[in-house]
Amino acid sequence: MGILEAAKPTVVICTRDRNRATAFYRDILGLTVAYEDNFAAVLNVGSITLRVSTVPDFSPHEHTILGFNVPDVSATVQALREKGLAFNTYPHFKQDELGILTVPGGAISVAWFNDPDGNVLSITNA
């Protein structure tokens, strides 16, 4: 077995405003806050830990940093839209009216959105 093969991953997401980001991940995305410490808000996502850490001079990346695998992309996107979340559209992708891209072949769907700091997140069934 590899050195980290059995390790449980922890995802770290940077924010300039931890209170705002924590509210987004808790109230919009529906994640449970496990606890907060001096360095991060710690949330539960499935069987992994998400740490939302304050970095004052942080600049977000233009690509997806975290994806959520769900059984029904369309239903999840609709539920998040009802909470006021806007989904990203990209001119080089053929997305439907909800912002969902169905990958050629039809089995895989993905939709992208941003957190309050501009981090790109996704919903997918892949």
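The structure under discussion appears in the preceding block.
Because the structure is a prediction, the values reported are computed rather than measured.

**Quick word on the pattern of salt bridges**
A side chain with one charge may pair with a side chain of the opposite charge, provided their charged atoms come close. This structure, assessed with the given rule, holds 5 salt bridges. Between Glu36 and Arg18 there is a salt bridge whose closest N-O contact spans 3.5 Å. On the criterion of sequence distance, the pair formed by Glu36 in strand 2 (residues 32–36) and Arg18 in helix 1 (residues 18–28) is long-range, its members being 18 residues apart. For Glu36, a relative accessible area of 41% gives the class partly exposed. Its salt-bridge partner being Arg26, residue Asp27 comes within 2.7 Å of it at the nearest N-O pair. When salt bridges with common partners are traced through the structure, they connect Arg16, Arg20 and Asp117 into a single cluster.

**Structural notes on helix 1**
Taken together, the buried positions of helix 1 are occupied by Arg18, Ala21, Thr22, Phe24 and Tyr25. Within helix 1, the buried residues cover an arc of 155 degrees as seen down the axis, which keeps them to one side. Elements that come into contact with the buried residues of helix 1 comprise strand 1 (10–15), strand 2, strand 3 (40–45), strand 4 (48–54), strand 8 (109–114) and strand 9 (120–124). Its side-chain oxygen 3.3 Å from the backbone nitrogen of Asn19, Asp17 forms the N-cap of helix 1. Phi for Gly30, located one or two positions after helix 1, is positive at around 80 degrees.

**Some details on the packing of aromatic side chains**
Enumeration according to the criterion identifies 5 aromatic pairs in this entry. Note on Phe87 and Phe113: the rings are 5.4 Å apart at their centroids and 65 degrees apart in plane angle, and the pair reads as edge-to-face. Of this pair, Phe87 sits in strand 6 (residues 87–88) while Phe113 sits in strand 8; the two residues are 26 residues apart in sequence, bridging distant segments of the chain. The residues Phe87 and Phe113 share a single accessibility class, namely buried. Centre to centre, the rings of Phe93 and Trp112 are 5.3 Å apart; their planes meet at 10 degrees, and the pair counts as stacked. Residue Phe93 is located in the loop between strand 6 and strand 7 (101–102), and its partner Trp112 is located in strand 8; the two are separated by 19 residues in the primary sequence. What makes Phe93 partly exposed here is its relative accessible area of 32%. Trp112 sits in the buried class, given a relative accessible area of 11%. Among the aromatic residues, ring-to-ring pairing joins Tyr90, Phe93 and Trp112 into one connected group.

**Brief notes about the sheet that holds strand 4**
Pairing in this open sheet of 4 strands is mixed, and the strands run 1-4-3-2 from one edge to the other. With one partner strand each, in any of the chains shown, strand 1 and strand 2 form the two edges of the open sheet. Ignoring strand direction, the axes of neighbouring strands in this sheet form an average angle of 25 degrees. Note: strand 3 against strand 4, 6 bridges, orientation antiparallel. What sits directly across from Val45, in strand 4, is Ile48.

**Some thoughts on helix 2 (residues 73–82)**
Residues of helix 2 that are buried: Val73, Val77 and Leu80. Burial along helix 2 is one-sided: seen end-on, the buried residues are contained in an arc of 65 degrees. For helix 2, the N-terminal capping position is held by Asp72, with its side-chain oxygen 3.3 Å away from the main-chain nitrogen of Ser74. Of the residues flanking the end of helix 2, it is Gly84, one or two places downstream, whose phi is positive at about 95 degrees.

Cut-offs applied
- Residues numbered from 1 in each chain as written.
- Predicted model: local features only at pLDDT ≥ 70, side-chain atom pairs only at ≥ 80, totals over all residues.
- Heavy atoms only, no water.
- Salt bridge = Lys/Arg side-chain N within 4 Å of Asp/Glu carboxyl O.
- Helix = DSSP H or I, 4+ residues; strand = E, 2+ residues; numbered from the N terminus.
- Buried < 20%, exposed > 50% of the residue type's maximum accessible area, 1.4 Å probe, protein only.
- Arc of directions from axis to C-beta.
- Contact = heavy atoms within 4.5 Å.
- Polar contact = N/O pair within 3.5 Å; in protein donor to acceptor, adjacent residues only side chain to side chain.
- Phe/Tyr/Trp six-rings, centres within 6.5 Å; stacked < 30°, edge-to-face > 60°.
- Pairing = 2+ DSSP bridges.
- Axes fitted to C-alpha atoms, helices over the stretch in contact; angles between N-to-C directions.

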